[in-house]
Amino acid sequence: MMASLIQDRLTTDQDLLLMQEGMLIRKVRSKSWKKLRYFRLQNDGMTVWHARQAGGSEKPSFSISDVETVRKGRDSELLRSLAEEFPLEQGFTVVFHGRRSNLDLVANSVEEAQTWMQGLQLLVDLVTSMDQQERLDQAGWLSDWFQRGDKNQDGRMSFEEVQRLLHLMNVEMDQEYAFSLFQTADVSQSGTLEGEEFVQFYKALTKRNEVQELFENFSADGQKLTLLEFVDFLQGEQKEKDYAPDLALELINRYEPSDSGKLRHVLSMDGFLSYLSSKDGDIFNPACLPIYQDMTQPLSHYFINSSHNTYLVGDQLCGQSSVEGYIRALKRGCRCVEVDVWDGPSGEPVVYHGHTLTSRIPFKDVVAAVAQYAFQRSDYPLILSLENHCSWEQQQTLAQHLTEILGEQLLSAPLDGLLPTQLPSPEQLRGKILLKGKKLETLEQDVEDEDEEEEPECDLEPQQGSELEPEPEPEPQEQEPFLRSKDRKKKLKPILCPALSALVVYLKSVPFHSFSHSKEHYHFYEISSFSESKARNLLKEAGNEFVQHNTWQLSRVYPSGLRTDSSNYNPQELWNAGCQMVAMNMQTAGLEMDICDGFFRQNGVCGYVLKPDFLRDAQSSFHPERPISPYKAQILLVQVISGQQLPKVNTKEKSIVDPLVKVEIFGIQADTARQETNYVENNGFNPYWGQTLSFRVLVPELAMLRFVVKDYDWKSRNDFIGQFTLPWTCMQQGYRHIHLLSRDGTSLHPASIFVYISTHEEPETES
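Quick caveat: nothing in here was measured; it's all calculated off a predicted structure.

(A) Region of the structure containing the pattern of salt bridges. If you walk through the whole model with that rule in mind, you get 26 salt bridges. Across the salt bridge formed by R99 and D744, the nearest N and O atoms sit 3.3 Å from each other. In this pair, R99 sits in the loop between β6 (91–96) and β7 (103–106) while D744 sits in the loop between β27 (734–741) and β28 (747–761), placing the two residues 645 residues apart along the sequence. Of the residues examined, R99 reaches a relative accessible area of 14% and is grouped as buried. With its nearest N and O atoms 3.6 Å apart, the salt bridge here joins R736 to E240. In this pair, R736 is assigned in strand β27 and E240 in the loop between α11 (227–236) and α12 (244–255), connecting sequence segments 496 residues apart. Using a relative accessible area of 0% as the deciding quantity, one classes R736 as buried. Connected via shared salt-bridge partners are E532, R536, K540, R563 and E573.

As structure tokens, this is what we get:
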């Protein structure tokens, strides 16, 4: 249905017709790299190719399914910087899923830019609205394979071309078997496959024998599952409890393709496979996808998705600073972004990594991007972690930009003007942006001042002998950060501007001395930051105190300064102690970001996840290094059954993957473990493992599971193919598909692995 909709639009929509003819468009990579390229939408409506000139040799530029959105030229930093050279109305930006760089383009006229913006957005919207099965059967997706296999582009595929295609699809198949499938599909007996014949060939190729066998185990006649048989399967294997009968009816209505099957309340083999491949058959419990947790507890009771040096899109020394770093972090559900701000030219503060060669961006551009994107992914509060290195004058500019650009979004006074006794909840702070930073006064003084007089205005000048010179002088360690480095020896007065200080309400930054010092001297609205090494040491030396500290006060942990390559640490270790804001270098893909992304995929990707009860109890006895669980250990059994359509690692035509599956558990130290299957030789298309891996887990509430598929290589390290990571608490038992993601976190559709998951309590051992 969706495929035909795309085909209809391709022949009727004016924009798409012009895009299929092709146009010269300028591709812009930097201020100096701006080259004309001939861009053309392919006839399948799913891919855009480009050439150096019209009629030149074309190569793929991007696939529509890789595109997240299309933005206007004025929303691009790069195109804005070239506004004198090219009118912004002629520019547009193609934004991709994951970490792939944006594609900035400038058309020859406003009309041509409109054609491409509207046409691309139309196709993106159509593709986005397809569900899993429709995408699998989508003629455009199959025609992409067909075009790649159809070497002489005559619209037919010979058996020779089919063999070539099988290599491209990562399939090594017995020649006789492949030929028999080819002949069966060649209904016209023309010796070639075309159109529907190729679709039938593909379906025969993708037949799932292991699913057929499972289906026949539960079906009395091998043709269908009756309602009762399906209920038995849901209760016995999928561990769906009392509501299995209602669920069975719902699933038949959702996944049974034939109307007569729906009427008779039966599920065919096609419907059964469709269910197992859907979100209901996914390992990630769909009940954990929307916001399902209590959002009315104090902020300190949640893990908060946090970013480190958000402005960087590369390394920490010479990398590019970009507003795009903030947009990407916010669009992936991040709720705490970092802003390192320094004095800039013409009185305008700039954001960059101080004392390095990283590029600089105006602070007001960052604030404008935050205002626009803060609540697109999540309604819950956004924290701006301000690292303020500015002079008094430019701090006033900071305060002015924050108040003027953010307006009502900025929380600049306690809720209801009242002094609370604990941090407010994410629910109470919906739609609000909170500033984390240094503060001159306490919240108590703020509330008193507010009763007496209005907040200080942003244009206050430091006056001689005014109350802005706090008396008595603050403690040295409090004063240090506010002094200009050259003045530190002289111990001059702090230069924190009251207008900026007043905007910090619930998140006053304070230095950490010890847990007993915090308990005695600090308030719930104060927050300390820890380097990863400091936090790790505290975890080992005083793990239980750290847990208790994090029940009432927020902690932020940041990566070591030695990580100049923007690498990451494993956030799980710090989450185990209840640290709420474990800041990550989000621009760097890898295991650590897989864990972070996998964890925050739950609860509506809102960036807040409620901590387990033993990390919210102020009297908790939990020690992450020496946990004593009141419950018995859980045994997890993972039967890795099969894989489906795994992508090639090496793009050379002749290479086929030798896949193996590694299952990893991350949690408390005692639970952290990994095991892997044997590798299957030369089969990335439908490898079968049938191996069971077993794990013992003491604290499942803190466990993350990561499934990684690798290409075995006896000469070197195994190559990464795909992965999926999820919290134990969001895992569904039974026969489940795991839909793989790339190193970048984007979908590798239709690549998946099929597993059987079961958990049970560890049996008593006889003494």
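After that view, the rundown keeps rolling.
(B) The packing of aromatic side chains, seen in detail. By the definition in use, this model includes 30 aromatic pairs. For the pair Y380 and Y608, a centre-to-centre distance of 6.3 Å together with 65° between the ring planes defines the contact as edge-to-face. On the criterion of sequence distance, the pair formed by Y380 in the loop between α16 (363–373) and β14 (382–388) and Y608 in strand β20 (residues 608–610) is long-range, its members being 228 residues apart. Both residues of the pair, Y380 and Y608, belong to the buried class. The ring of F96 carries the charged tip of R100 above its face, separated from the ring centre by 3.9 Å. Against the face of Y352 rests R360, its NZ or CZ located 3.8 Å from the ring centre.

(C) Main features of unusual backbone geometry. Across the junction of H749 and P750, the peptide omega takes the value 5°, indicating a cis bond. Here P750 shows up in strand β28. The residue D416 is not glycine, and still its phi comes out positive at about 60°. Position of D416 relative to the elements: it lies in the loop between α17 (392–406) and β15 (433–437).

(D) Inspection of the sheet that holds β7 at higher detail. Pairing in this open sheet of seven strands is antiparallel, and the strands run β4-β3-β2-β1-β7-β6-β5 from one edge to the other. The sheet is open, and its two edges are formed by β4 (59–63) and β5 (67–72), each paired on a single side. If you compare each strand with its neighbour and ignore which way they point, the axes differ by 35° on average. Two elements, strand β2 (residues 34–41) and strand β3 (residues 47–51), share four bridges in a ladder whose sense is antiparallel. Paired with L41 across the bridge in β3 is V48.

(E) Seen up close, the side chain of Q634. Structurally, Q634 can be placed in strand β21 (residues 634–644). For Q634, a relative accessible area of 18% translates into the label buried. Aside from chain neighbours lying at most four places away, what touches Q634 is F695, R696, V697, P700, W728, T759, H760 and E761.

(F) Fine view of the nonpolar core. Formed by 70 residues in total, the largest nonpolar core has its most connected members in F363, V370, L384, L402 and F546. If we ignore the near neighbours within four places in the chain, the residues touching L384 are V337, V339, V370, L402, L406, I433, L434, L435 and K436. Listed in part, the 34 residues of the second largest apolar core include V638, V680, A703 and L740.

(G) Focus on the pairing of β14. Counting buried residues along β14, five of its seven residues qualify, which places the element largely inside the surrounding structure. When β14 meets β15, the two strands line up parallel, connected through four bridges. Residue pairing for β15: I383 is matched across the bridge by L434. In this fold, the crossover linking β14 to β15 by way of α17 has right-handed handedness.

(H) Spatial organisation of the packing of α16 against α17. Two elements in contact, α16 and α17, have axes whose closest approach is 10 Å; the angle formed by their N-to-C orientations is 25°. With respect to their mutual orientation, α16 and α17 come out roughly parallel. Crossing geometry of α16 relative to α17 is assigned as right-handed. Where α16 abuts α17, its residues F363, K364, V367, A368, V370 and A371 lie against L398, H401, L402, I405 and L406. Residue composition of the contact of α16 with α17, by class: nine nonpolar, one polar and one charged.

(I) View of the packing of helix α10 (residues 209–218) against helix α14 (residues 269–276). Running from N to C, α10 and α14 cross one another at 115°; their axes reach a closest spacing of 10 Å. Judged by the inter-axis angle, α10 sits roughly perpendicular to α14. The two elements α10 and α14 cross, and the hand of that crossing is right-handed. Where α10 abuts α14, its residues V211, Q212, L214 and F215 lie against M269, F272, L273 and L276.

(J) Geometry of the confidence of the model for the chain. Of all residues in the chain, 89% have pLDDT values of 70 or greater, and the mean over the chain is 87. Low pLDDT, under 50, characterises residues 131–139; the predicted model gives this stretch 22 contacts beyond four residues in sequence or across chains. Every residue in residues 453–494 scores below 50 in pLDDT, and together they form 52 contacts with partners more than four places removed in sequence or on other chains.

(K) Up close: the side chain of D671. Take D671: it is sitting in the loop between β22 (659–666) and β23 (673–676). Buried within the structure, D671 lacks any salt-bridge partner; R696 is the closest side chain of opposite charge, at an N-O distance of 6.1 Å. Residue contacts for D671: discarding those within four places in its chain leaves I665, R696, V697, L698 and V699.

(L) Quick peek at the pairing of strand β17 (residues 526–531). With five of six residues buried, β17 is to be regarded as a mostly interior element. Looking at chain direction, strand β16 (residues 507–509) and β17 are connected through two bridges and run parallel. Directly across from K508, in β17, lies its bridge partner E526. With helix α21 (residues 515–521) bridging β16 and the parallel β17, this β-α-β connection has right-handed handedness. Examined bridge by bridge, β17 and strand β18 (residues 554–558) share five bridges and lie parallel to one another. Paired with F530 across the bridge in β18 is V557. Handedness of the β-α-β unit built from β17, helix α22 (residues 532–552) and β18 comes out right-handed.

Reading the values: rules and limits
Residues numbered from 1 in each chain as written. Predicted model: local features only at pLDDT ≥ 70, side-chain atom pairs only at ≥ 80, totals over all residues. Heavy atoms only, no water. Salt bridge = Lys/Arg side-chain N within 4 Å of Asp/Glu carboxyl O. Helix = DSSP H or I, 4+ residues; strand = E, 2+ residues; numbered from the N terminus. Buried < 20%, exposed > 50% of the residue type's maximum accessible area, 1.4 Å probe, protein only. Phe/Tyr/Trp six-rings, centres within 6.5 Å; stacked < 30°, edge-to-face > 60°. Lys NZ or Arg CZ within 6 Å of the ring centre and 35° of its normal. Pairing = 2+ DSSP bridges. Axes fitted to C-alpha atoms, helices over the stretch in contact; angles between N-to-C directions. Contact = heavy atoms within 4.5 Å. Core = buried A, V, L, I, M, F, W, Y, C linked by side-chain atoms within 4.5 Å. Right-handed = clockwise from strand over helix to strand, strands pointing away. Parallel < 35°, antiparallel > 145°, perpendicular 65-115°, else oblique. Left-handed = near helix turned anticlockwise from the far one by under 90°. Nonpolar A, V, L, I, M, F, W, Y, C, P; charged D, E, K, R; others polar. pLDDT = per-residue confidence, 0-100. Lys, Arg positive; Asp, Glu negative; His and termini not counted.

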